[in-house]
Structures are given as C-alpha cells and as structure tokens.
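Structural overview for review
Spelled out, the chains give:
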Amino acid sequence: MVEWTDFERQTIAGIFGKIDYETVGSAALARCLIVYPWTQRYFGNFGNLYNAAAIKINPLIAKHGVTILHGLDRALKNMDNMKEAYSDLSVLHSEKLHVDPDNFRLFSDCLTITLAAKMGADFNADVQAAFQKFLTVVVAAMQRQYH
Amino acid sequence: MVEWTDSERSTITAVWDRINVDEMGPETLKRVLIVYPWTKRYFGRFGDISSTAAVLANDKVANHGKVVLKALDKAVENMDDMHSVYAPLSQLHCEKFNVDPVEFRLFADCLTIAVGCKLGKDFPPHVQGTWQKFLSAVVEALSSFYF
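The following refers to the structure shown. Numbers given for residues are sequential positions, taken from 1 along each chain in its written order. Starting at A for chains and at 1 for ligands, labels are handed out in the order in which the entities are written. Local features in this predicted model are restricted to residues of pLDDT 70 or higher, and side-chain atom pairs are both shown and tallied only at a pLDDT of 80 or more, whereas totals for entire chains, interfaces and linings draw on every residue. Side-chain calculation: all heavy atoms of the structure are included, whereas hydrogens and water are not.

Take the overall build of chain B next. The helix and strand tally for chain B stands at eight helices and zero strands. In sequence order, chain B lays out its α and β elements as α-α-α-α-α-α-α-α. All radius of gyration figures rest on C-alpha atoms, and the globule criterion is 2.2 Å times the number of residues raised to 0.38. Taking 15 Å as the expected radius of gyration for a compact globule of 147 residues, we find that chain B reaches 15 Å, a close match to that expectation. Across its three principal axes, chain B shows a C-alpha extent of roughly 45 × 35 × 20 Å. In DSSP terms, a helix is any run of H or I states spanning at least four residues, a strand is any run of E spanning at least two, and both are numbered starting from the N terminus.

As structure tokens, this is what we get:
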C-alpha cells in the first residue's frame, strides 16, 4: 500500500482546496487533445475539434474536463484506499469506453503542466513530487481492472 | 528525419529565448533529483544530495544543470540535423556515463514543467505541443547511439 507523508497529504489537499475546477479541468483536457491529438478519437461526438482554437472553445470538452477533474475528488478522500475507490471507474473505462490505459498518464501529465503554469514558483520541486506521486497512484488504480 | 513547420521553428526559438540557462538549468536538474530520486545514483561524487534542502543548496548540481541545459543550444541551432550533432554526446552518455536513456525523458519532462512555471499563460497547449515535439527529437537523438 502507498505510504503518504503529512507533507504530501497537506500539499495535495492544499492544491485541490484552491483549484478552480472549471478553469483547470477544461484547460487540462483541451491540452491533452491538442498536445496528444490521437486522444481526440474518444470524442467523436463532441462537435468541432478541428484545430486548437476550436478545441479550446468547445463547451462539451470544457464540461467533460471538469467531470474528469472531479473524478479526482474520490482519490483525495480515499488516499489510503485508491484501488477500491477506483474499481468501478476502471471497469467502466476498460469495458465500456475502451480507453487505452496509457491515456490516463497523458491526462495527468497535462494536468500537471496546467497546474505548473497556474502556480508558477509555488509549484516547486517538493510540490511537483507530491502531486506526481498522487497522480501516479490514481493512474495505477485506474489501470488495475484492465485485462 | 523530423519535419518542422516555420511556425514550429519560430515557437521553439521564442521559448528558448525566454529561457535563462543559468537559472533554469539548475532548477531543472534539481527537480529531476528530487522528483525522481533514483537519478541521484549518477551523482555520487557531487557531495551532499541526501535531502531536498541539500539538493537545492548543492553548487555542483547547480553547475551541472547549467552544463546540461546549455547543450540544448545545439538542438535549437541544428533542428534538421540533431542526430549528427548529438552523436558524440550520445556515445559519451552511453559508453562512459552509462546513463539509462529513460533519464533523458525525465529531464525533458522536468524542463517542460519548469518552463510551464515560468511562462504561465504564455505556455498554451499548442506551444507545449511544439516544445514537447522538439524535446522528443532531442531525446531521440541522444538515445541514438544506444540502439
């Protein structure tokens, strides 16, 4: 099981306490679709994704980004129990949505960069390490039910 | 060979121009050692790197960060010929330093995050995409001797 230091718990809680879900969620998903364009394949029904400008203003993408970010709330509340907490979402992404599990890592990378750009110097090395550890554990939990 | 559009070339030059190698080199290398602690194995002769505080205060790490980041100059100036330009460095890292080529990607990831922190709003998704394409090409060139 993953061990968390007090610093890590406080850092992660602190970040999520201050996050503007609407801005960060939509920006992170838009980044994913722009930087890793093959991920657009999952969003065929989402309207115009023709170029970066279109993706950034697409309201369905923005809304879905917020949904995904709120999906991290359960990680925050179950840091000592993430595998069980994410079991149903993992099954959903595997069996129903058929999302390649590597995409969870791509989204977390884009989320990390979105936050870095927002937090600037406050996203120092220790904060980066804690946040990336948190996301790595979430990604592993999300990948767990795939076979 | 990698194809670069005019827009990608000017984006990469614009980002590189805003990077202060003496500041961002040390910052990036320190991030790598803190966020991915196993990388410390390459720096046994650098003195005290046992804790975050020690890494942040270590002059040898700072100087080495400058050396590493300065070497990106070659890439910016030789975007169409990265393999030949990096051949000697690739051989050096492989045969003399025995650096696992995975570490090049870790350094590139930390550099991208440091750039994100510094540029904030000026690091939108399409700039990130182009920058990451550039760093992937560098990483590939540096890894070329290994395979």
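Next up on the list: the nonpolar core. By nonpolar core we mean a set of buried residues, namely Ala, Val, Leu, Ile, Met, Phe, Trp, Tyr and Cys, connected to one another through side-chain atoms within 4.5 Å. Accessibility here uses a 1.4 Å probe with only protein chains present; expressed as a share of the type maximum, an area under 20% marks a residue as buried, one over 50% as exposed, and anything in between as partly exposed. Grouped together as the largest cluster of nonpolar side chains are 99 residues, with contacts concentrated most on Met 82 and Phe 134 of chain A together with Leu 72, Met 82, Trp 131 and Phe 134 of chain B. Should any heavy atoms of two residues lie within 4.5 Å, those residues are counted as being in contact. Excluding its chain neighbours within four sequence positions, the residues that come into contact with Trp 131 of chain B are Ile 12, Val 15, Trp 16, Ile 19, Leu 111, Thr 112, Val 115 and Phe 123 of chain B.

Attention now moves to the packing of helix H1 (residues 6–18) of chain A against helix H9 (residues 125–143) of chain A. Residues and elements named next belong to chain A. Geometry is summarised by axes, namely lines fitted to C-alpha atoms with helices restricted to the contacting stretch, and by angles between N-to-C directions that run from 0 to 180 degrees. Two elements in contact, H1 and H9, have axes whose closest approach is 9 Å; the angle formed by their N-to-C orientations is 85 degrees. Here H1 is positioned roughly perpendicular relative to H9, judged by the angle of their axes. Residues Phe 7, Glu 8, Thr 11, Ile 12, Ile 15 and Phe 16 of H1 touch H9, and the partners they reach there are Asp 126, Val 127, Ala 130, Phe 131, Lys 133 and Phe 134. Each residue receives one of three labels: charged for Asp, Glu, Lys and Arg, nonpolar for Ala, Val, Leu, Ile, Met, Phe, Trp, Tyr, Cys and Pro, and polar for the others, Gly being one of them. Of the residues that constitute the contact of H1 with H9, the class distribution is eight nonpolar, one polar and three charged. What sets the label is the angle itself: under 35 degrees gives roughly parallel, over 145 gives roughly antiparallel, 65 to 115 gives roughly perpendicular, and the rest give oblique.

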